[in-house]
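Chain residues, written in single-letter form:
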Amino acid sequence: MKEVIKEYALGYTMLRDVIEGLTEEELHYKPAPDKWSIHQILIHVTDSEISSTSRLKKVLAEDEPTLNSFDQEAWAKNLGYDLLDREQYLLLFKLLRSSMQTILDNLTSEQSERVGVYADQGRFTFKQLLEYRVDHVRGHLAQIERVKKAYQENQLTN
């Protein structure tokens, strides 16, 4: 669990590192009409963090709370992700992660086994939910690398 908590704490730095030196053109490049730009991915990661931080706290504070998923495509489409301030969202991500650090540093093994229940997905322990947060950032870091590569390939062919 210590390694998961350590990587969770590094999420902001990892996101910052992967976009280091990118231009606005690169950040807003979409590899296909139905794919997200790096800018949109970063907004999504933060929106997901907003929801998940609340879920993590619910699991620790309440007895087997009901957890709700959110429709990420609807959020991206209807909240105008292209118009949102990426720097504000990255700062919010950083603050959300750091706000959890004291809780995570004092987490007991009993707390890590507390359960939350998704109506559409079933039961998850706090540990599983935290591992998913780490995996979520990892997955989007890989997605950002794919978009960067697609942008570079597009520049070579144009």
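Residues numbered from 1 in each chain as written. Predicted model: local features only at pLDDT ≥ 70, side-chain atom pairs only at ≥ 80, totals over all residues. Heavy atoms only, no water.

Draft legend 1. Structural context of the layout of surface pockets. Of the volumes computed, that of the largest pocket is approximately 330 Å³. Along the walls of the largest pocket sit 16 residues, with R55, Y118, Q121, Y132 and R133 positioned nearest its centre. Listed by contribution, the elements that provide at least two residues to the lining of the largest pocket are α4 (38-61) and α8 (126-157). Tallied by class, residues from the lining of the largest pocket come to six nonpolar, eight polar and two charged. (1 Å grid on protein atoms, 1.4 Å probe; cavity = no way out; pocket = protein on both sides within 12 Å on 5 of 7 lines; lining within 4 Å. Points joined across faces, edges and corners; volume = space filled by probe spheres on them. Helix = DSSP H or I, 4+ residues; strand = E, 2+ residues; numbered from the N terminus. Nonpolar A, V, L, I, M, F, W, Y, C, P; charged D, E, K, R; others polar.)

Draft legend 2. Expanded view of unusual backbone geometry. Even without being a glycine, E64 presents a positive backbone phi close to 45°. Overall, the relative accessible area of 46% leaves E64 in the partly exposed class. (Buried < 20%, exposed > 50% of the residue type's maximum accessible area, 1.4 Å probe, protein only.)

Draft legend 3. Main features of the pattern of salt bridges. What the rule picks out here adds up to 11 salt bridges. Among the salt bridges present, the one from R138 reaches E7, with a minimum N-O distance of 2.6 Å. Placement of R138 in helix α8 and of E7 in helix α1 (residues 2-9) is noted, with a sequence separation of 131 residues between them. (Salt bridge = Lys/Arg side-chain N within 4 Å of Asp/Glu carboxyl O.)

All we've got here are geometric facts, nothing functional implied.
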